[in-house]
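Overview (structure and organization)
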Amino acid sequence: MAISVIDQRCLSGMLIFVADEIARREADLNALDAAVGDGDHGITMRIGFEAIRERLGQLDPATPIDGILRESGTAFLGATGGAIGVVMGKMLMAGGKALQGMQEIRAQEFQQLLTAMESSVAATGKVKPGDRTILDAIHAAAVAATAPGWASKDLNTIVDLAASAAQGAARTTADMLCRVGRASRLGNRVLGHPDPGAISFGIILRAMHHWITISAPGSHS
Ligand SMILES: [Mg+2]
């Protein structure tokens, strides 16, 4: 049975579940990055999420949703280097700011979260959809989550739609040339290889959805 709302305790459990999934995919993500960059994307993501896990373990269990997201962002940013560390860290902090004062994440708050994260990544990375970055996956997720008819959908469905859109968009980056960052020097050699950051975002949302589907109320205590 899937849960229908995410409260602060659920959010911590979900982020730890995502950290586990990222750690499992570290080698795949490194291999993707090696095709277009320096091969460290999986390492960076694993270190960032390990820092989130550690920070969550230190937080007061009463820390609200916005505090959890801000602390997660600060932890990721502090533990990692490079553009992706800044982008991911600020993205999580922006998500926290957008959900200030919220007690629960339902479909509407999840949309607000995605929209805020998209704005943050666009501003921090100075990128647009189509630039072959993590933003392509986030943008697709935000569009899917706010598509007409969303109000009749529950959290489980919205996160599923967002995850599928992110994963699809991430695969599509393999057909794009790179305009920004180090990989832009590779020209058409990037074709056929998806952007590792976009793939990571798809993994994060898919893991979130997986967690929602396996977490019945009361099963996480
Ligand atoms: Mg790299």
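Note that the structure is predicted; figures quoted are calculated from it, not measured.

The next thing to look at is the overall build of the protein. Within the protein one finds nine helices and two strands. Along the protein, helices and strands appear, N-terminal first, in the series β-α-α-α-α-α-β-α-α-α-α. Overall size of the protein, expressed as C-alpha extent along the three principal axes, is 50 × 40 × 30 Å. Within the span of the protein, comprising 221 residues, buried residues form 50% of the whole. Long-range pairs, those at least 24 residues apart, make up 66% of the contacts in the protein with a sequence separation of at least 6.

Our focus in this paragraph is the environment of Ile203. Within the secondary structure, Ile203 is located in helix H9 (residues 196–214). The buried category is assigned to Ile203, around which 23 C-beta atoms lie within 10 Å. In the structure, Ile203 is positioned 72 residues away from Asp131 in sequence and 20 Å away in space, judged by C-alpha atoms. Not counting chain neighbours up to four residues away, the residues in contact with Ile203 comprise Glu21, Ile22 and Arg25.

Another aspect to go through is helix H8 (residues 155–172). Between the first and last C-alpha of H8 there are 26 Å, a value that for 18 residues agrees with the 26 Å anticipated at 1.5 Å per step. Among the residues making up H8, those that are buried are Leu155, Ile158, Val159, Asp160, Ala162, Ala163, Ala165, Ala166, Gln167, Ala169 and Ala170.

What follows deals with unusual backbone geometry. Its identity as a non-glycine residue notwithstanding, Lys126 has a phi of 50°, on the positive side. Mapping Lys126 onto the fold places it in the loop between helix H6 (107–125) and helix H7 (134–145).

The next point concerns the nonpolar core. Ala137, Ile138, Ala141, Ala162, Ala166 and Met208 are the most contacted members of the largest nonpolar core, which has 67 residues in total. The leading source of residues in this core is H9, at 10 residues. Ignoring any residue separated from it by four or fewer positions in sequence, one finds Ala162 in contact with Leu114, Ala141, Ala144, Ala145 and Leu205.

Along the chain, the position of Ala75 falls in helix H4 (residues 65–79). Judged by C-beta crowding, with 23 C-beta atoms within 10 Å, Ala75 ranks as buried. As for Ala75 and Leu92, which are separated by 17 residues in sequence, their C-alpha atoms are 9.9 Å apart. In contact with Ala75, other than residues within four places in its own chain, are Ala51, Ile52 and Arg55.

What counts, and where the lines are drawn
Residues numbered from 1 in each chain as written. Predicted model: local features only at pLDDT ≥ 70, side-chain atom pairs only at ≥ 80, totals over all residues. Helix = DSSP H or I, 4+ residues; strand = E, 2+ residues; numbered from the N terminus. Buried ≥ 20, exposed ≤ 12 C-beta atoms within 10 Å, placed from the backbone. Contact = placed C-beta atoms within 7 Å. Expected span 1.5 Å × (residues − 1). Core = buried A, V, L, I, M, F, W, Y, C linked by C-beta atoms within 7 Å.

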